[in-house]
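# Report on the structure
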Amino acid sequence: MRMVNRKLMERFSKDYPKDYPEPESVVSVLIEKYKVEEIPVRMNERKEGTSSISLWKSVYYMIKVSIAIWIARLGRKNKRTA
């Protein structure tokens, strides 16, 4: 669950990460010195089916997210210096 204030909602309505929005959006607000707080939510256990996430897909995802965050940070630094 994501909750943001009006200022961030307006910003995200114009510019929200598309590839990996969950981790990239958190990193972007941390870079801008906003406060990020985790609030627990209750989730129900899966009753049917199997997860599509395997060990290798998890590793691949973490590598891709790490690269995406690194690129996003570089992009923001370049915007500030331009």
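Keep in mind that what you see is a predicted model, and the values were worked out from it rather than measured. (Residues numbered from 1 in each chain as written. Predicted model: local features only at pLDDT ≥ 70, side-chain atom pairs only at ≥ 80, totals over all residues. Heavy atoms only, no water.)

A few words now on the overall build of the protein chain. Looking only at helices and strands, the protein chain features three helices and zero strands. Listing each helix as α and each strand as β along the protein chain from the N terminus yields α-α-α. Computed over its C-alpha atoms, the radius of gyration of the protein chain comes to 16 Å, more than 25% above the 12 Å expected for a compact globule of 82 residues. Reported as C-alpha extents along the three principal axes, the dimensions of the protein chain are approximately 50 × 30 × 20 Å. Within the protein chain, buried positions represent 18% of all 82 residues. For the protein chain, the exposed surface amounts to about 7800 Å²; the carbon and sulfur share of it is 58%. Computing the positive centroid from 18 side-chain charges and the negative centroid from 10, the protein chain places the two 5 Å apart. (Helix = DSSP H or I, 4+ residues; strand = E, 2+ residues; numbered from the N terminus. Rg over C-alpha atoms; globule rule 2.2 N^0.38 Å. Buried < 20%, exposed > 50% of the residue type's maximum accessible area, 1.4 Å probe, protein only. Areas by Shrake-Rupley, 256 points an atom, 1.4 Å probe, with all protein chains shown as cover. Lys, Arg positive; Asp, Glu negative; His and termini not counted. Charge placed at Lys NZ, Arg CZ, Asp CG, Glu CD.)

It is worth spelling out helix α1 (residues 6-14) at this point. Inspection of α1 places L8, R11 and F12 among the buried residues, and these make up the whole buried set. Within α1, the buried residues cover an arc of 95° as seen down the axis, which keeps them to one side. Along α1, exposed side chains directed more than 90 degrees from the buried face belong to R6, S13 and K14. Two or three places before K7, at the opening of α1, N5 has a side-chain oxygen 3.2 Å from that residue's backbone nitrogen. (Arc of directions from axis to C-beta. Polar contact = N/O pair within 3.5 Å; in protein donor to acceptor, adjacent residues only side chain to side chain.)

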